[in-house]
Amino acid sequence: MKITTLCSIIMLSLLLPAQAAVMLIYHHVASDTPRVSSVSADELRGHLQYFKDHNFQVIGLDVLIRQLQQGEAIADNALVITFDDSYENNFTTAHPILQEFGYPYTIFISPGSIDKRDGPLLSWAQVKQMSDDGVLVANHAMWHEHMAKPDAGESHKQWRERMKQSILQAEDAIERHTGQRHQWLAYPYGEYSRELEQLVSELGFIGIGQQSGAIGNHTVLTRIPRFPAAGQYADLKDLAQKLRTLAFNITDDHKVDPVISATNPPSLTLSVQVADFRPAQLQCFAGSEVIQPQWQNDSTFSVTATKPLPKGRSRYNCTAPSVSKKGYYYWYSQPWLNQP
């Protein structure tokens, strides 16, 4: 093989993006529930038909987690479907539709809330039926509580023990009722902190958030992202672009903590591989505000909003078009929890 040909092959391989997966999060499947967290049955069916018509590979979360843990190649156009919050309409409405298409999916449930019948939630009999039908059942904390930081008057030691018990008790309850034990935790409200990530890792769990973004082999396994697919995000024009996203290859996240108070607006610094996107085309946003990335060197940039973030949950989103994969965008989202 000629040296020039070999060099061309090497350069092309450097430009080719790593294959990525997208995980979607649903809550209600109903027309009489809050729109912000709902899709109708027709909308869900439309999404699934779109996945089928456009050859997306809908895989189980267990398959994706195995690929990430073992460094295996992720299937091109891989897609994972998840539901949060234990709602009964996941069984009565969503489950039959998903069975029609034969798509695997995961429900994240809070066993304590089910025991208490805290709202229109699944019963354990329904959870067991879904499990028997092949649905993956996983952990959404025992009581769907805010987990990222201690409550007022609670020490860090007390908070850590309470979170540990919430996670483990929920996992035990799921195993007792279904026989499943995956050790995947979807953070309620998508809220997490560096300290919570550390606990999740120590317990041998995978942590899954609600921040947007694609999933690749550089994704941190204590904060796997998911795209929302309900409410204003249910429209297929919007969803179609998110399905065609790639994961930035982040080599250093500089240990950013999503929980902020003293430093606001916060600064996000990331070191990334830039082979398949042009740094000048990187765009970042804080809500509707465009924030200009400041490149420190060829691979590291920082972004900071110009004004304090609102109280509660917010995000910085950064995107850049792929050079080699037309119509695809790299996408990264950093969640923030501002609790002064």
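Residues numbered from 1 in each chain as written. Predicted model: local features only at pLDDT ≥ 70, side-chain atom pairs only at ≥ 80, totals over all residues. Heavy atoms only, no water.

## Some remarks on helix H2 (residues 41–53)
Move 1: For H2, built from 13 residues, the straight-helix expectation of 18 Å at 1.5 Å per residue is met to within 8% by its first-to-last C-alpha distance of 18 Å.
Move 2: Along H2, the positions that sit buried rather than exposed are Leu44, His47, Leu48, Tyr50 and Phe51. Looking straight down H2, one finds that the buried residues subtend no more than 155° of arc, so they occupy a single side. Every exposed residue of H2 that faces more than 90 degrees away from the buried side is listed here: Asp42 and Lys52. (Helix = DSSP H or I, 4+ residues; strand = E, 2+ residues; numbered from the N terminus. Expected span 1.5 Å × (residues − 1). Buried < 20%, exposed > 50% of the residue type's maximum accessible area, 1.4 Å probe, protein only. Arc of directions from axis to C-beta.)

## Focus on the pairing of strand S5 (residues 78–84)
Move 1: Among the 7 residues in S5, 7 count as buried, and that is most of the element.
Move 2: In this sheet, S5 lies alongside strand S1 (residues 21–26) in parallel orientation, the contact comprising 6 bridges. Counted as the bridge partner of Leu24 is Ile81 from S5.
Move 3: Sheet topology note: the strand S4 (residues 57–58)/S5 ladder contains 2 bridges and is parallel. In the sheet register, Val58 faces S5, and the bridge partner there is Leu79.
Move 4: Once the chain exits S4 it traverses helix H3 (residues 61–70) before rejoining the sheet at S5, and the crossover so formed is right-handed. (Pairing = 2+ DSSP bridges. Right-handed = clockwise from strand over helix to strand, strands pointing away.)

## Thoughts on the nonpolar core
As a rule of thumb, nonpolar side chains are buried together in soluble globular proteins.
Move 1: Counting residues in hydrophobic clusters, the biggest one holds 38 residues, and the most contacted among them are Leu24, Phe51 and Ile81.
Move 2: If near-sequence neighbours (up to four positions away) are discounted, Leu24 is found in contact with Phe51, Leu79, Val80, Ile81, Thr82, Arg226, Phe227, Ala229, Leu239 and Leu243. (Core = buried A, V, L, I, M, F, W, Y, C linked by side-chain atoms within 4.5 Å. Contact = heavy atoms within 4.5 Å.)

## Details of the packing of aromatic side chains
Move 1: Counting across every chain of the model gives 12 aromatic pairs.
Move 2: For the ring pair Tyr26 and Phe83, a centre distance of 5.3 Å and an interplane angle of 25° mean the geometry is stacked. Note that Tyr26 is positioned in strand S1 and Phe83 in strand S5, a separation of 57 residues in sequence.
Move 3: An angle of 75° between the planes, with centres 5.3 Å apart, marks the rings of Tyr316 and Trp336 as edge-to-face. Of this pair, Tyr316 sits in strand S19 (residues 312–321) while Trp336 sits in strand S20 (residues 329–338); the two residues are 20 residues apart in sequence, bridging distant segments of the chain.
Move 4: A connected cluster of aromatic rings, assembled from ring pairs, spans Tyr26, Phe83 and Tyr105. (Phe/Tyr/Trp six-rings, centres within 6.5 Å; stacked < 30°, edge-to-face > 60°.)

## Some remarks on the layout of surface pockets
Move 1: Taken as a whole, the largest pocket spans an internal volume of roughly 670 Å³.
Move 2: The wall of the largest pocket is formed by 25 residues, among which His27, Tyr189, Gln210, Arg313 and Arg315 lie closest to the centre.
Move 3: Elements supplying a minimum of two residues to the lining of the largest pocket: S19 and S20.
Move 4: Here the lining of the largest pocket is composed, by residue class, of 12 nonpolar, 9 polar and 4 charged.
Move 5: Size it by volume and the second largest pocket reaches roughly 260 Å³. (1 Å grid on protein atoms, 1.4 Å probe; cavity = no way out; pocket = protein on both sides within 12 Å on 5 of 7 lines; lining within 4 Å. Points joined across faces, edges and corners; volume = space filled by probe spheres on them. Nonpolar A, V, L, I, M, F, W, Y, C, P; charged D, E, K, R; others polar.)

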